[in-house]
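Take a look at the letters that make up each chain.
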Amino acid sequence: MSTAVGRSAPPVTRRYSAADPRVRFRDLVAAEWIKLRSLRSTWWVLGLGVLLLLLAAAQKSIGDYDVWPTFRARERADFDPMSPAFSQMSAVLLVVGSGVVGALTLVGEYATGLVRTTFTAVPARHRVVLAKIAVVTAVMLAVGAFVALSTFAVSQAILSGRGIALSLDDPGVPRVLAANALLAPLAALAGMGIGALLRHTAGTVVAVIGLLVILPMMVKPNVHQWANDLYMCLPFYDWALCLSQRHPRVNPALPTVTVSWLVFAAWAVASAAVAVAVVRRRDV
Amino acid sequence: MIEVNGLTKRYGDVVAVNDLSFTVPDGLVTGFLGPNGAGKSTTMRMILGLNRPTSGTATVDGRPFTGWRSGLHHVGALLDAGDVHPGRGARAHLSALARTNGLPSRRVGEVLEEVGLTGAARRRVGGFSLGMRQRLGIAAALLGDPPVLLFDEPVNGLDPEGVRWVRGLFRSLAAEGRTVLVSSHLMSEMEHTADRLVVVGRGELIAEETVAEFAARGGRARVTVRAPEAVRLVPFLTAAGAAVDADGPGSLTVTGLPAAEVGELAFRNHIVLHELTAHRASLEEAFMELTADRTQYRAEAAR
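The rules behind each value
Residues numbered from 1 in each chain as written. Chains lettered and ligands numbered in written order. Predicted model: local features only at pLDDT ≥ 70, side-chain atom pairs only at ≥ 80, totals over all residues. Heavy atoms only, no water. Pairing = 2+ DSSP bridges. Helix = DSSP H or I, 4+ residues; strand = E, 2+ residues; numbered from the N terminus. Axes fitted to C-alpha atoms, helices over the stretch in contact; angles between N-to-C directions. Phe/Tyr/Trp six-rings, centres within 6.5 Å; stacked < 30°, edge-to-face > 60°. Buried < 20%, exposed > 50% of the residue type's maximum accessible area, 1.4 Å probe, protein only. UniProt positions renumbered as here; feature names shortened; annotations may be inferred. Expected span 1.5 Å × (residues − 1). Bend = angle between axes of the 7 residues up to and from the residue. Contact = heavy atoms within 4.5 Å. Parallel < 35°, antiparallel > 145°, perpendicular 65-115°, else oblique. Left-handed = near helix turned anticlockwise from the far one by under 90°. Nonpolar A, V, L, I, M, F, W, Y, C, P; charged D, E, K, R; others polar. Domains from an automatic or database assignment. Core = buried A, V, L, I, M, F, W, Y, C linked by side-chain atoms within 4.5 Å.

Novice: Which residues make up the sheet that holds strand β2 (residues 14–24) of chain B, and what values go with them?
Specialist: All names here are of chain B. Spatial ordering of the open sheet is given by β2-β1-β4, a layout of three strands whose pairing is antiparallel. Looking at strand neighbours, the two that pair on one side only are β2 and β4 (55–60), the edges of this open sheet. Between one strand axis and the next, the sheet turns through 20 degrees on average, direction left out of account. Alignment of strand β1 (residues 2–11) against β4, held across five bridges, turns out to be antiparallel. The residue bridging Val 4 from the neighbouring strand is Ala 58, located in β4.

Here is the structure:
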C-alpha cells in the first residue's frame, strides 16, 4: 500500500461521534410502522377490502332475511345465522388480501432495492424482520378483529328483524369470530414467509393464493385417513371444515378444534421463523 | 478507515472479485475505479455485509460492518439511487431510516435542506428524476453523521451544478477527517474529486496510489508535429531515440522525445514546422491503458 498521499491530511476535527448506540427494538417497530402507513397502497388495500367484506355481509344477510319466510321447518333448523356474516368467499378475500399485504412488506423491499438501504442502517437483519413481524401481526390482527366483529354486527342487525339473530355469548360464536379474525394475521405471516423465500412480487402473490386458498379448497375429506391427516395441516381447510362452524361435526376424518388451533399456531410460528432465517442467510 | 483483505466473491464459476486488498484512509477522498463489471459494486456490498464474501475480510473502523449495532452512525452509503420505495415520500423514507437508529426527526429536515430537496419532501419518490434520487440517497447517507461514507456512481444523472456540488461535498466530508470512498467508471470524474485511487479490473487490484502517481505511470507524454516536409524529419527523430507514428501526410506523433528537442532538431536541419504540440499524459489514458486487457464488456473497436 502506498502511504504517500497527494494532499497532506488536514488537521482532523471529528465533529461526528464514534459512539455505537444500541438500536432499540421499539425504534425498529416504529420505523416499520412509518413504512407501512406511508404507503398509499396499504390504505387502499385494507380500506377497500374491509368495505367489500361489510357489503358482502350485508348483501348475504339481506338475502337470507328475504327468503326466511319461505323456509320450511327443516330448513329453519339447519340454518346457521352465523353463516351470512362471513362466508367462505369472504374468508378467501380476507386471506388473499392479508397474505398479499404481509408479503409486500418484505418483498416490496427486495423488489425495489430498499432492503439494501435498510440493512445498511441496521446490520442486524433478524431484528428488522422481527420488527416487521410485530407490526404486520398487530395491524392485521386489528384489521381481522374489526372485520370479524363488524360483519357480525351488520349481519345480526339485519337478521334480528326475523328474530333469528345470535349474540356474542351464544355457544360457538366467540370461537368462530376469533377464527375469522385470526385468518388475517395468519395469512399475513404466511405471506411474509413465502415472500422471503421467493423475493419476487408476482411469484409471491401467486404462491400465496395457491397455497393458502386454492389448494385447501381443492382437497376434500375421503376414506384415506393419511390423506385427511395431511389436509388438516392446511389452515384454511381447518377453518372451512371446523373453526368456522358453530357446532363442528365430530368425525375422525375432520379436523377438531384443538388440532385446528394448533395448525394455525404452527403456521404462524413456522412462517415467522422461515422469514427470519432466510433473510439472515441470503445475500441482498 | 476501511480495510479490505483478500476479498473474494464467486458466483458459481464466475469470479466477481478476486483476492482484493486495499485500504481507504481517513481524511481523504479515495476514488474506486474500474470498467463496468470490474466488481466495484460487489466489493462495496461486501464491505457493508450485504453480500457474504467467499473468502477474505472487510472491516470498517476495525470491525466487520455487521459487528456494529447501529449502521447509520458508522457508515453512510449510497449504493444505488433506486434503492428506495417509489410509493413513499422523501420525508417518510428518511424518517423511517432515522427512526431505526434512534436519530431525532430534526436530522431528516437538516439533510433534506443540505441536499436541496426540502421543497420536494412530501412528494413520492416515484416521481423523482434520477438526479433527485441521487440527492435523496446522499441525504440518507448523511443522516447518521457517519465517519465513513461510501458512494457508488453518485454523479449519474446529476446536472452540472449538482456534479459540482457533490464534488465539494466529498471534499468537505474528507476535510472533516472522514473516510470517503467514491466509485466511478469514468476516470475524468475522479480527476477533480479524488486524492487517492484504487483501480480494479475484472475483480482484481490494478493500482492503489495517489492520483499524481497514477497519472505518471500510465499514458506517456507525446508530441504532435505538423510539417510539410515531415518525412525528412523522421530519420533525425528516430536517431535521437524517439518513436514516430505517421498520422497522415505531414503529420507525426512522436513519443520519447520532449517537444523542445523536436523543435531544435527541426531548426538545426532547416525543416519548417507548422505545429508542435506537447500532450501531457492524462488520467484517462493511463486508465484506458491499464484496464485495456481487463475490460469485461467491450464493444468491438471500429476499424
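Novice: Outline the packing of aromatic side chains, listing residues and values.
Specialist: Residue and element names in this part refer to chain A. Overall, the coordinates contain nine aromatic pairs over all chains when judged by the stated rule. Pairing Phe 86 with Trp 239 gives two aromatic rings, centres 5.9 Å apart and planes at 80 degrees, and the pair type is edge-to-face. One end of the pair, Phe 86, is in the loop between α3 (73–78) and α4 (88–112); the other, Trp 239, is in helix α10 (residues 235–243), and 153 residues separate them in sequence. A relative accessible area of 6% means that Phe 86 is categorised as buried. One aromatic cluster in this structure is built from Trp 68, Phe 71 and Phe 79.

Novice: Pulling in residues and values, what's your account of the UniProt feature "transmembrane region" (unreviewed entry) in chain A?
Specialist: Using the residue numbers shown here, the UniProt feature "transmembrane region" (unreviewed entry) corresponds to residues 43–62, 85–108, 129–153, 173–194, 201–219 and 259–279 of chain A. Helix makes up 88% of residues 85–108 of chain A and strand makes up 0%, while its end C-alpha atoms are separated by 33 Å.

Novice: With reference to specific residues and values, describe helix α8 (residues 201–218) of chain A.
Specialist: Residue and element names in this part refer to chain A. With 18 residues, α8 extends 24 Å between its outermost C-alpha atoms, agreeing within 8% with the 26 Å of an ideal straight helix rising 1.5 Å per residue. Along its length, α8 reaches its greatest deviation from straightness, about 40 degrees, at Gly 210. All of the buried residues along α8 are Thr 204, Val 208, Leu 212, Val 213 and Pro 216. On its buried face, α8 sits against α4, α7 (173–198), α10 and α11 (257–281).

Novice: Run through the packing of helix α1 (residues 25–37) of chain A against helix α6 (residues 125–159) of chain A, naming residues and quoting values.
Specialist: Between two packed helices, the angle of one axis relative to the other and the distance separating the axes together describe the packing. Residue and element names in this part refer to chain A. Viewed as axis vectors pointing N to C, α1 and α6 meet at an angle of 60 degrees, and their least axial separation amounts to 8 Å. Considering the angle they form, α1 stands oblique to α6. Here α1 and α6 pass one another in a crossing that is right-handed. Between α1 and α6, the contacting residues are Phe 25, Leu 28, Val 29, Glu 32, Trp 33, Lys 35 and Leu 36 on the first element and Arg 127, Val 128, Leu 130, Ala 131, Lys 132, Ala 134, Val 135 and Val 139 on the second. Here the residues of the contact of α1 with α6 are counted per class, giving eleven nonpolar, no polar and four charged.

Novice: Now, about the domain arrangement of chain B: what can you tell me, with residues and values included?
Specialist: According to the domain assignment, chain B consists of domain 1 (2–209) and domain 2 (222–280). With centres defined by C-alpha atoms, the gap from domain 1 of chain B to domain 2 of chain B works out at 47 Å.

Novice: Lay out the nonpolar core in plain terms, naming residues and giving numbers.
Specialist: Formed by 135 residues in total, the largest nonpolar core has its most connected members in Trp 239 of chain A together with Leu 150, Phe 151 and Phe 214 of chain B. Ranked by size, the runner-up nonpolar core spans 15 residues in total, among them Val 254, Leu 257, Ala 266 and Ile 271 of chain B.

Novice: Talk me through the pairing of strand β12 (residues 251–255) of chain B; I want residue IDs and the actual numbers.
Specialist: Residues and elements named next belong to chain B. β12 sits mainly inside the fold: five of its five residues count as buried. Residues Ser 251, Thr 253 and Thr 255 of β12 are buried on one face, and the alternating residues Leu 252 and Val 254, pointing to the opposite face, are buried as well. Across five bridges, strand β10 (residues 222–226) lies against β12 in antiparallel orientation. In the strand pairing of β12, Arg 222 is matched with Thr 255. Bridge count for strand β11 (residues 243–248) against β12 is five bridges, and the pairing is antiparallel. In the sheet register, Ala 246 faces β12, and the bridge partner there is Leu 252. If you look at the hairpin formed by β11 and β12, you'll find two residues sitting between the two strands, and Gly 250 has a positive phi there, around 75 degrees.

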